[in-house]
Amino acid sequence: MPALDLKTNVAVADVKAFSLEFSKFAAETLKKPESYISVNYTYSEHLTFNGTFEPAILLHITSLDNINPKVNAEYSKAFFAFFKEKLGVPDNRGYITFYDPGRVNLGHKSTTFGELFG
């Protein structure tokens, strides 16, 4: 797993193509197999940041075993560069939340990752 939930006020022309590109980028950046990656793109025309409707993002990343202060800064740099290139959103127009719920708090295959991987 990781699951990435992106909200933005930037509409993309081809949501499916963007989502697949974002999925591949997330797998490379987070160093997880793409088969574990889930992404969600939500267009929210009413998303504001700093009191304006200029291009902005909110990204929530839920991932197991690879969220920590050192790599979070690297992830932030990579994801903001991606959003600048693909959506035209500068790095001062959004937030990224990193969250590791712990293996026992994440369900999959009718059980938890704690049961699956110890």
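Just so it is clear, the model here is predicted, and its values are computed rather than measured.

(A) Up close: the pairing of strand β4 (residues 94–99). In this structure, strand β3 (residues 57–63) lies alongside β4, joined through six bridges in parallel fashion. Following the sheet pairing, Leu 58 is matched in β4 by Tyr 95. One crossover worth recording links β3 to the parallel β4 by way of helix α2 (residues 69–87), and it is right-handed.

(B) Molecular detail of the packing of aromatic side chains. Per the counting criterion, the structure on display carries 13 aromatic pairs. For the ring pair Phe 25 and Phe 82, a centre distance of 4.5 Å and an interplane angle of 20 degrees mean the geometry is stacked. Taken together, the residues Phe 25 in helix α1 (residues 15–30) and Phe 82 in helix α2 connect sequence positions 57 residues apart. Pair check on accessibility: Phe 25 and Phe 82 agree, each one buried. On the numbers, 5.8 Å between centres and 75 degrees between planes, the contact of Phe 82 with Phe 83 is edge-to-face. Here Phe 82 and Phe 83 have matching classes, each one buried. Three or more aromatic residues link up through ring pairs in this structure, and these residues are Phe 18, Phe 22, Phe 25, Tyr 41, Phe 79, Phe 82 and Phe 83.

Calculation rules
Residues numbered from 1 in each chain as written. Predicted model: local features only at pLDDT ≥ 70, side-chain atom pairs only at ≥ 80, totals over all residues. Heavy atoms only, no water. Pairing = 2+ DSSP bridges. Helix = DSSP H or I, 4+ residues; strand = E, 2+ residues; numbered from the N terminus. Right-handed = clockwise from strand over helix to strand, strands pointing away. Phe/Tyr/Trp six-rings, centres within 6.5 Å; stacked < 30°, edge-to-face > 60°. Buried < 20%, exposed > 50% of the residue type's maximum accessible area, 1.4 Å probe, protein only.

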